[in-house]
Amino acid sequence: MTENTIRTRAKKLSLMVRKDRQGDYYLVDLNNCAVAPCPMTLEQIDSWLTDLEKQAEQEDKQ
């Protein structure tokens, strides 16, 4: 899992991954509003994206 991989996965969900000066990451929507508790590590963002991808799959099946 790399930062670019995480950013690509987030983009597919219309989200972005931001990184601040201290190296903390933020999962934000296209309006730059946080969509998950911040700050986070890449591993935490990976977990959030996995859950959001599963939720999107379930919604597509309905």
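Preceding block: the structure.
Attention in this report is confined to the structure presented alongside it. As the structure is a computational prediction, the values presented were derived from the model and not from experiment.

## What to know about the overall build of the protein chain
Along the protein chain, the regular secondary structure elements total 2 helices and 2 strands. Listed by position from the N terminus, the elements making up the protein chain come as α-β-β-α. Relative to the 2.2 N^0.38 estimate, which gives 11 Å for 62 residues, the radius of gyration of the protein chain is 12 Å and therefore close to what a compact globule would have. With the principal axes as the frame, the protein chain shows a C-alpha extent of 40 × 25 × 20 Å. In the protein chain, which comprises 62 residues, the share counted as buried stands at 21%. Summed over its atoms, the accessible surface of the protein chain is roughly 4,500 Å², and 46% of this surface lies on carbon and sulfur atoms. For the protein chain, the distance from the average position of its 9 positive side-chain charges to the average position of its 11 negative side-chain charges is 6 Å.

## A few points about the pattern of salt bridges
Within the structure shown, the criterion is met by 3 salt bridges. Asp46 serves as the salt-bridge partner of Arg9, at 2.2 Å between the closest nitrogen and oxygen. Of this pair, Arg9 sits in helix α1 (residues 3-12) while Asp46 sits in helix α2 (residues 42-61), placing them 37 residues apart in sequence. Owing to a relative accessible area of 16%, Arg9 belongs among the buried residues under this scheme.

## As for unusual backbone geometry
Each neighbour pair has its own omega, and for Cys38 with Pro39 the value is -15°, a cis peptide bond. Structurally, Pro39 is set in the loop between β2 (25-29) and α2. A positive phi is found at Ser14, a non-glycine position, where the angle reads about 60°. Mapped onto the secondary structure, Ser14 falls in the loop between α1 and β1 (15-19). In the Ramachandran plot, Asn32 falls in the positive-phi region, its phi being about 70° despite a non-glycine side chain. Examined against the element boundaries, Asn32 turns out to sit in the loop between β2 and α2.

Rules used throughout
Residues numbered from 1 in each chain as written. Predicted model: local features only at pLDDT ≥ 70, side-chain atom pairs only at ≥ 80, totals over all residues. Heavy atoms only, no water. Helix = DSSP H or I, 4+ residues; strand = E, 2+ residues; numbered from the N terminus. Rg over C-alpha atoms; globule rule 2.2 N^0.38 Å. Buried < 20%, exposed > 50% of the residue type's maximum accessible area, 1.4 Å probe, protein only. Areas by Shrake-Rupley, 256 points an atom, 1.4 Å probe, with all protein chains shown as cover. Lys, Arg positive; Asp, Glu negative; His and termini not counted. Charge placed at Lys NZ, Arg CZ, Asp CG, Glu CD. Salt bridge = Lys/Arg side-chain N within 4 Å of Asp/Glu carboxyl O.

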